[in-house]
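Letter by letter, the chains look like this.
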Amino acid sequence: MPRGPSEYLESLRDGRVIYYRGKRIDDVTTHPVIGIAARHAADLFSVEDRLYDDPNYGRISRYFKIPRSANDLLDRHRLIYNDTMRFDGMFNIIQAIGSDALFSLMIVTKKVDAKYGTHYFERVAKYYEYVVKNDLALAVAQTDVKGDRSRRPHEQPDPDLYVRVVEVRDDGIVVNGAKIHTTQGPVANEIIFLPYRAMVEGDRDYAVAFAIPANARGVKFIVRPVLEYDGNPNAVNARTRFEVESLTILDHVFVPWDRVFLFREWEFAGPLAWYFATYHRFTAISYRAATANLYLGAALLAARANGIENAPHVRDWIVKMIMYKEIMRMGAMTAALEPLIDEGIAVPNPIYTNVSKLYSNEHFIDVVHGLIDIAGGLIATMPSHEDYANPEERQYISKYVRGAVDGDARYRIMSFVRELASSHLTGYLLTAMIHAEGSEAASKIGMMREYNFREAEELVNRIISKLRI
Ligand SMILES: Cc1cc2nc3c(=O)[nH]c(=O)nc-3n(C[C@H](O)[C@H](O)[C@H](O)COP(=O)(O)OP(=O)(O)OC[C@H]3O[C@@H](n4cnc5c(N)ncnc54)[C@H](O)[C@@H]3O)c2cc1C
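Rules used throughout
- Residues numbered from 1 in each chain as written.
- Predicted model: local features only at pLDDT ≥ 70, side-chain atom pairs only at ≥ 80, totals over all residues.
- Core = buried A, V, L, I, M, F, W, Y, C linked by C-beta atoms within 7 Å.
- Buried ≥ 20, exposed ≤ 12 C-beta atoms within 10 Å, placed from the backbone.
- Helix = DSSP H or I, 4+ residues; strand = E, 2+ residues; numbered from the N terminus.
- Domains from an automatic or database assignment.
- Contact = placed C-beta atoms within 7 Å.
- Pairing = 2+ DSSP bridges.
- Axes fitted to C-alpha atoms, helices over the stretch in contact; angles between N-to-C directions.
- Nonpolar A, V, L, I, M, F, W, Y, C, P; charged D, E, K, R; others polar.
- Expected span 1.5 Å × (residues − 1).
- Near = placed C-beta within 6 Å.
- Arc of directions from axis to C-beta.

J.: Is there a simple way to explain the nonpolar core in this structure?
T.: Grouped burial of nonpolar side chains is what soluble globular proteins tend to show. The biggest cluster of nonpolar side chains holds 146 residues, and the ones touching the most others in it are Leu138, Val208, Leu262, Leu272, Ala302, Leu371 and Val417. Element by element, the count of residues in this core is highest for helix 6 (residues 269-306), at 23 residues. Residues from two domains meet in this core; each of domain 1 (5-266) and domain 2 (272-458) gives at least three. Residues in contact with Val208, not counting those within four places in the same chain, are Val163, Val165, Val175, Pro195, Leu262 and Phe263.

J.: Would you mind going over the sheet that holds strand 2 (residues 23-25) with me for this structure?
T.: What links the strands of a sheet is backbone hydrogen bonding, and the strands pair in either a parallel or an antiparallel sense. Reading across the sheet, the six strands line up as 2-1-10-11-7-6 and stay open at both edges, with mixed pairing between neighbours. The sheet is open, and its two borders are formed by strand 2 and strand 6 (164-168), each paired with just one other strand. Across the sheet, the axes of successive neighbouring strands diverge by a mean angle of 20°, strand direction being ignored. Bridging between strand 7 (residues 172-183) and strand 11 (residues 245-256) involves nine bridges; their strand directions are antiparallel. Of the residues in strand 11, the one forming a bridge with Val174 is Phe254.

J.: For this particular structure, what's the right way to read the pairing of strand 10 (residues 219-223)?
T.: The two faces of the sheet receive side chains in turn, since in a regular strand these alternate between them. Because side chains alternate across strand 10, one face comprises the buried residues Val219, Phe221 and Val223, and the other comprises Lys220 and Ile222, none of which is buried. In the sheet, strand 1 (residues 17-20) pairs with strand 10 via four bridges, with the strands oriented parallel. Counterpart to Tyr19 in the pairing with strand 10 is Ile222. Taken together, the five bridges between strand 10 and strand 11 define a ladder with antiparallel strand orientation. Each residue of the ladder has a partner; that of Val219, found in strand 11, is Leu250.

J.: Teacher, can you tell me more about the domain arrangement of the protein chain here?
T.: How big an interface is tends to be stated in terms of the accessible area lost upon association of its parts. Partitioning the protein chain into domains gives domain 1 (5-266) and domain 2 (272-458). The gap between the C-alpha centroids of domain 1 and domain 2 is 25 Å. Contacts between domain 1 and domain 2 engage 42 residues on the former and 35 residues on the latter. Put simply, the parts of the chain that give the side of domain 1 that touches domain 2 at least two residues each are helix 3 (70-86) and helix 4 (96-116). Looking at the side of domain 1 that touches domain 2, its residues break down into 27 nonpolar, nine polar and six charged.

J.: Is there a simple way to think about unusual backbone geometry in this case?
T.: Trans is the prevailing form of peptide bonds, just as negative phi is the prevailing case for residues other than glycine. We note that Lys146 has phi near 75°; this positive angle belongs to a residue other than glycine. On the secondary structure map, Lys146 appears in the loop between strand 5 (138-141) and strand 6. Exposure remark for Lys146: the 16 C-beta atoms within 10 Å place this residue in the partly exposed category.

J.: Can you help me understand helix 4 in this one?
T.: Taking 1.5 Å as the rise per residue, helix 4 with 21 residues should run 30 Å; its terminal C-alpha atoms sit 30 Å apart, in good agreement. Among the 21 residues in helix 4, 15 count as buried, and that is most of the element. Positioned one or two residues after helix 4, Gly117 has a phi angle of 70°, which is positive.

J.: When you look at the site of the ligand in this model, what are you seeing that I'm missing?
T.: Around the ligand, 21 residues are found, and the nearest of them are Gln142, Arg149, His181, Thr183 and Ala441. Where the shell around the ligand is concerned, the elements lending two or more residues are strand 5, strand 7 and helix 13 (424-435). In terms of residue count, the dominant contributor to the shell around the ligand is strand 7 (four residues). Counted by class, the shell around the ligand contains six nonpolar, 10 polar and five charged residues.

J.: Sorry if this is basic, but what is going on with helix 5 (residues 120-134) here?
T.: Taking 1.5 Å per residue, 15 residues should reach 21 Å; helix 5 reaches 21 Å between its end C-alpha atoms and fits that length. When we look at burial in helix 5, the residues that qualify are Tyr120, Phe121, Arg123, Val124, Val131 and Val132. One face of helix 5 carries all of its buried residues, which in axial projection span an arc of 160°. What points out from helix 5, more than 90 degrees from its buried face, is the exposed set Glu122 and Lys126. Residues of helix 5 that are buried in the fold lie against strand 4 (58-61), helix 4, strand 5, strand 8 (190-193) and strand 12 (260-263). At the C-terminal side of helix 5, Asp135 shows a positive phi close to 55°.

Below, the structure is given as structure tokens:
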């Protein structure tokens, strides 16, 4: 049954183990910080047109619609873009990432079953039905803590640095280890665990994919400090909009067989990681295009407030910001229009997806640079909201921070610009735009492996073969 925000929030009161800044949280929904991330997720359940009528599953969330065509992928891009706009420019991951994982599991388990005569696809299909019918909130834990990056999982000095199987029972497996950077895990109903990388035979015990409830025995979340909001009276958008990441620990967690989707078929760990990464990067460029509007809008308002909107260098920055946003959007749309169809499911074109995601990795810093340049140093030095709230000081601040607009208007604009370009949130977003949805190197390796160089090589060979020397 589709759920409303209050049913979703209620479902999080299930005894899950979460730590924040050294303390265990009893109720995530009422916690002064994590509660905000929960309400951000809850807002997704109040979107009016978020459901559609699926011929097999009835009225379910659009995020779970299995893409079968270019049009389905285009719709998915618009869904993610529009929801990010709806939620004040901040991504709402809670059904997007889980569906990215489910689509990739559907494709890869068919291939595993074809090779080994296993029945993983049936399990994934059953789990998918459970998720969509109960309208669940999902997180995906793919990134292992990884230890020494130059070593494979089974070569690490501590065997738990990639999640692994430590016991095989008649009724299921026991897993141990930890994943990191799990977005919204602490406010999800279910966590899907996927392998992070390609593996070799020695890594068999690490080649495992499964799903568990967030309150499963042995699961512990240690949440990052939300510095953009916590203890920051000058927060603007971050008062109501952020997501939380956690170090997600699996301390000998039991997983029943019907929730195990890959078990020691090590040669499929790489393909599973690849399909998920492709879907998830498509999600990334879709939300990043929307998030870019925060910077573009703030730059326009700051330029106007400073009376410099027609200055040539300002126009150059604005053009860079438009390019950033529209390259994300074009990448997503072309990736949707030229999909791979695999096992009857449409996969976003991996080249266009990666080109656009890499552009975002490399150029977000230019967007921030542009906004800082346009805004001026005030965003680092301006008086606090507490000062502005004090009438004795306000008269002076308002008088002296005025620009081409009055002091009150410019103070408000620059408060938000500070959050975007000169704050803890800036640092978080700069890191997220480089690493979230996979590092730059991962995208480059993928591109070099998948790119069809033939056309270019043949062209040059044709030309040089005509050379008479
Ligand atoms: C805000 C945010 C949200 C995220 N959300 C999620 C999430 O919901 N779920 C999830 O699973 N993950 C999530 N991630 C994780 C993200 O996918 C990873 O950050 C990314 O894959 C990079 O991994 P890492 O952070 O461990 O960095 P590393 O992989 O350690 O990268 C550090 C550097 O080491 C290099 N490197 C790594 N391995 C090698 C090697 N073998 N040889 C040479 N160089 C190497 C990298 O290229 C990079 O330059 C999130 C990350 C962020 C920042």
